[in-house]
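Summary of the model geometry
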Amino acid sequence: MRHVDFSPLYRSTVGFDRLFTMLDSLGQPDSAQSYPPYNIERTGETTYRITMAVAGFDESELSIEVHAHVLAIKGEKAQEDQSEQTEFLYRGIAKRGFERRFQLADHVEVQNASLKNGLLHIDLLRNIPEAMKPRRISIATDPVNAPKAIEAQVI
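An unreviewed UniProt entry lists the protein under the name Hsp20 family protein, with Allorhizobium terrae given as the organism.

What follows is the structure, encoded as structure tokens:
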């Protein structure tokens, strides 16, 4: 895959560096990270939900943080008690920790998070400030009875 050089755009734009960084990172593989599996759903016009399969983790082993438009979800398993000498013949349930990051758009806020039946649900809301929303501007017409001024050029 080719690498695109965005440096000429840095010279003529202001405030788009985050966008260029995101575009740059799209070309780099995410090191084939597939654990844990997740869904991203649009649940309404301005609401979203991330659902992540975190079977085997409880609330105390999960942490969710939002910082600088990045939602980070971490899972760290507590150390098991090694007093019992259990021998696994097959171990298919992953017990490894993970960290998954999501880039959030401007004005996207985390509303709440819940853990139910091994699924972590994170609800998001895109809350656009009133100043950023489009607004209609009315067009004023000249009043009918207003006196009209005539400009003349004096020589």
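Now, onward.
Turning our attention to the sheet that holds strand β4 (residues 70-75). Taking strand neighbours across the sheet as the criterion, the 3 strands line up as β3-β4-β5 in an open arrangement whose pairing is antiparallel. The two strands at the open ends of the sheet, each matched to only one other strand, are β3 (62-67) and β5 (98-103). Across the sheet, the mean angle from the axis of one strand to that of its neighbour is 15°, orientation sign disregarded. Of the strand pairs in this sheet, β3 and β4 are connected by 6 bridges, and their pairing is antiparallel. Looking across to β4, one finds that glutamate 65 is bridged to alanine 72.

Met52, Val54, Leu71, Ile73, Phe98, Leu120 and Ile122 are the most contacted members of the largest nonpolar core, which totals 15 residues. Of all the secondary structure elements, the ones that give two or more residues to this core are β2 (47-53), β4, β5 and β7 (119-126). Considering every element that reaches this core, the biggest residue donor is β7, with 3 residues. If we skip the residues at most four places from it in the chain, isoleucine 122 touches Tyr48, Arg49, Ile50, Ile64, Leu71, Ile73, Val110, Asn112 and Ala113.

Right, let's talk about unusual backbone geometry for a bit. Positive phi outside glycine occurs at alanine 68, with the angle close to 55°. With respect to the helices, strands and loops of the structure, alanine 68 is situated in the loop between β3 and β4. For histidine 107, which is not glycine, the phi torsion reads 70° and is therefore positive. Among the secondary structure elements, histidine 107 is positioned in the loop between β5 and β6 (108-116). The partly exposed category is assigned to histidine 107, whose relative accessible area is 31%.

What follows is about the pattern of salt bridges. The final tally for this structure, using the stated rule, is 3 salt bridges. For glutamate 61, the salt bridge goes to lysine 77, with nearest N and O atoms at 3.3 Å. Of this pair, glutamate 61 sits in the loop between β2 and β3 while lysine 77 sits in the loop between β4 and β5; the two residues are 16 residues apart in sequence, bridging distant segments of the chain. The exposure class of lysine 77 is partly exposed, given its relative accessible area of 24%. Of the charged contacts, one joins arginine 101 and glutamate 99 as a salt bridge, the two residues approaching to 2.6 Å between their closest N and O atoms. Owing to a relative accessible area of 53%, arginine 101 belongs among the exposed residues under this scheme. Residue classification places glutamate 99 among the partly exposed positions, given a relative accessible area of 32%.

How each quantity is defined
Throughout, a residue's number is its position along its own chain's written sequence, starting from 1. Given that this is a predicted model, residues contribute local features only at a pLDDT of at least 70 and side-chain atom pairs are listed and counted only at 80 or more, while totals for whole chains, interfaces and linings are drawn from all residues. The basis for the side-chain values is all heavy atoms of the structure; hydrogens and waters are excluded. Strands qualify as paired when DSSP identifies two bridges or more between them. By the criteria applied, helices consist of DSSP H or I runs no shorter than four residues and strands consist of E runs no shorter than two, each listed in order from the N terminus. Helix axes are fitted to C-alpha atoms over the stretch in contact, other axes to C-alpha atoms as well, and angles between N-to-C directions run from 0 to 180 degrees. Remark: nonpolar core denotes a set of buried residues (Ala, Val, Leu, Ile, Met, Phe, Trp, Tyr, Cys) joined through side-chain atoms within 4.5 Å. For the exposure calls, accessible area comes from a 1.4 Å probe over protein chains only, and a residue counts as buried if that area is under 20% of its type's maximum, exposed if over 50%, partly exposed in between. Contact definition: two residues touch when any of their heavy atoms are within 4.5 Å. In the sections that follow, a salt bridge refers to a side-chain nitrogen of Lys or Arg positioned within 4 Å of a carboxyl oxygen of Asp or Glu.

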